[in-house]
Amino acid sequence: MTEKMDKKPIISLRNVIKKYGENLVVNKINLDIYQGEFLTLLGASGCGKTTTLRMIAGFEDITEGEIFLEDENMAGKPPYHRNVNTVFQSYALFPHMNVFDNVAFGLVEKKMKKAEIRKKVREVLELVQLTGFERRKPDQMSGGQKQRVAIARAIVNNPRVLLLDEPLGALDLKLRRQMQLDLKHLQQQLNITFVYVTHDQEEAMTMSDRIAIMNGGVFEQIGTAEEIYEHPKTKFVADFIGESNIFETSIHAVEEKMLKLIMEQGDVTVREQGFEVNEIAYLCVRPENIKISEFPVEGFNLKGIIKENIYVGSQIKTTIEMINGYLVKKTAFPDGDMKPAGSIVYLYWDDGKSVLMHTKEDKIYNYIESAEGGSIPS
Ligand SMILES: Nc1ncnc2c1ncn2[C@@H]1O[C@H](COP(=O)(O)OP(=O)(O)OP(=O)(O)O)[C@@H](O)[C@H]1O
Ligand SMILES: [Mg+2]
């Protein structure tokens, strides 16, 4: 947890529900976003990211629940009365106006003095590295440059919060990577709260202080990139973020802080708490944490045969077939432990390098309910 967590939330979502007719697209979500935070909504297409962002911006009504901006209930407040600005994937620049006029537009509307407008526009264009482009029209610029203009236009009004919906979606991979870092640095420099939407997990992990993983209208987990990767709370999260081996297990015995697990692939003992005997659970082990030995290792009874080793430069990707046919993924540095294809091996991992997850819906749901406690603004 970062120091930001101690601060008061700037945005709070309380039991927010959105229905389109009978179609429930956002299902009672709770979220606190803190001043100066870079928070990303990450999830597959159709999971409700844009809808959530649009409800915060005020472009979309909420069916049930409440949204607070700086402790103020936003019920009935139109978008232009909310201290937020939105940047969309399509840049939505005025095509007939040059860069200067596009950026200055909001300030002119506010009837700011000309000299002041010139100063502010110059400042933000410098921030997005577009000094010298003032007279260009949007159709004389690249996608990345247009996106920078859209961002300059959004930040020139000094919003407290910037909402960004897949703003880099139209850019090629190389430019996208560069813009990810630029945007993150810009956010740090301005100390504006960013709520960012993407379906690209690498982008989310690169940029965010915290990530809220959305699936079917709910948050499966909210946390830092590291928390989510190292300690996924649900099978969905373990699958969605990075690669993982997921074993279905049943809890055979609970001893002190150790659990004996039985699975089709063999038995293991792990250090975990909060599970009951006979409960069915998922065990997740990241490929980089899988180790192999020629001999059985204490606490593990997981025998397999190396199917293949693939050299991909920075890594060796190994596939190990278990007795039930399940294929375990293992990655290692080229100088790490490796056995040729056909070798019989025993799998193990270091203490704490596996994560056990409940399968029961109610346990998962309890987690989601308690994930975002926080102070509820009154
Ligand atoms: N105006 C609308 N009327 C009816 N249904 C809608 C409307 N807008 C969105 N939906 C539905 O709500 C669900 C969530 O849509 P949303 O746009 O929030 O998804 P998303 O997570 O942003 O997806 P993507 O990554 O594809 O942009 C989808 O099933 C979508 O079809
Ligand atoms: Mg969307």
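The residue numbering used here restarts from 1 in each chain and proceeds along that chain's sequence as written. The naming scheme follows written order: chains are lettered A onward, ligands numbered 1 onward. Local features in a predicted model are, by the rule used here, given only for residues with pLDDT of at least 70; side-chain atom pairs are given and counted only at 80 or more, and totals for whole chains, interfaces and linings are based on all residues. The side-chain figures draw on all heavy atoms in the structure; neither hydrogens nor water molecules are used.

**Student:** What am I meant to see in the packing of aromatic side chains here?
**Tutor:** Centre-to-centre distance and the angle between the planes together describe a pair of aromatic rings. Working definition: a ring pair exists when centres of Phe, Tyr or Trp rings (six-membered ring for Trp) sit within 6.5 Å. Plane angles under 30 degrees give stacked, over 60 give edge-to-face, the rest tilted. Within the structure shown, the criterion is met by seven aromatic pairs. On the basis of an interplanar angle of 70° and a centroid distance of 6.3 Å, the ring pair of F300 and Y348 is categorised as edge-to-face. With a gap of 48 residues between them, F300 in strand β16 (residues 300–311) and Y348 in strand β19 (residues 344–348) connect regions that are remote in the sequence. For each residue, the accessible area found with a 1.4 Å probe, counting protein chains only, is set against the maximum for its type, and the residue is called buried under 20%, exposed over 50%, and partly exposed in between. We classify F300 as buried; its relative accessible area is 13%. Taking the centre distance of 4.9 Å and the plane angle of 75° together, the rings of F300 and W349 count as edge-to-face. Taken together, the positions of F300 in strand β16 and W349 in the loop between β19 and β20 (354–358) put the pair 49 residues apart, joining distant regions of the chain. Classification of W349 by relative accessible area gives buried; the value is 5%. Following the ring pairs from residue to residue traces out a cluster consisting of F38, F194 and Y196. Lysine NZ or arginine CZ positioned within 6 Å of the ring centre and within 35 degrees of the ring normal marks a charge as sitting over the ring. Between R135 and the ring centre of F100, over which it is positioned, the NZ or CZ distance is 5.8 Å. A cation over a ring is seen here: R286 above Y229, with NZ or CZ 4.0 Å from the ring centre. Runs of E in the DSSP output that reach at least two residues are strands. Runs of H or I that reach at least four are helices, and both are numbered from the N terminus.

**Student:** Before we go on, may I ask you to explain the sheet that holds strand β10 (residues 218–223) in this structure?
**Tutor:** Hydrogen bonds between backbone atoms are what pair the strands of a sheet, whose relative direction is either parallel or antiparallel. For two strands to pair, DSSP has to find at least two bridges joining them. With mixed pairing, six strands are arranged side by side in an open sheet as β6-β7-β8-β3-β9-β10. Edge positions in the open sheet fall to β6 (84–87) and β10, since each of these has one partner strand only. Taking each pair of neighbouring strands and ignoring which way they run, the sheet shows an average axis angle of 15°. As defined by bridge partners, strand β7 (residues 161–165) adjoins strand β8 (residues 193–198) across five bridges and the pair is classed as parallel. Across the sheet, residue L162 finds its bridge partner in β8, namely F194. Along the sheet, helix α1 (residues 49–57) contacts β3 (38–42), β6, β7, β8 and β9 (210–215); its crossing angle with β7, the most-contacted strand, is approximately 150°. To get an axis, fit a line to the C-alpha atoms, keeping to the stretch in contact for a helix; angles then go from 0 to 180 degrees between the N-to-C directions. Contacts were defined at the residue level, with two residues in contact if any of their heavy atoms lie within 4.5 Å.

**Student:** Can you walk me through the site of ligand 1 in this structure?
**Tutor:** Summary of the distance rule: residues count as near a molecule or strand when at least one heavy atom falls within 4 Å of that molecule or strand. All residues in the neighbourhood of ligand 1 are listed as Y20, V25, A44, S45, G46, C47, G48, K49, T50, T51 and E166. With respect to ligand 1, the side chain of Y20 contributes an N or O atom lying 3.5 Å from a nitrogen atom. N or O atoms within 3.5 Å of each other form a polar contact, as long as, within protein, one can give a hydrogen and the other can take it, and as long as residues adjacent in sequence are counted only when both atoms are side-chain atoms. Side-chain polar atom of T50 to an oxygen atom of ligand 1: 2.7 Å apart, as the coordinates give it. Where accessible areas are quoted, they stem from the Shrake-Rupley method and a 1.4 Å probe; at the residue level, only the protein chains shown are allowed to cover. Coverage of ligand 1 by the protein amounts to 58% of the 640 Å² it exposes when considered alone. Counting residues per element, the shell around ligand 1 draws most heavily on α1, which supplies three residues. In the scheme used here, Gly and all other residues not listed as nonpolar or charged are polar, with Ala, Val, Leu, Ile, Met, Phe, Trp, Tyr, Cys and Pro taken as nonpolar and Asp, Glu, Lys and Arg as charged. Looking at the shell around ligand 1 residue by residue, the classes come out as four nonpolar, five polar and two charged.

Function cannot be read off these values alone, since they describe shape.
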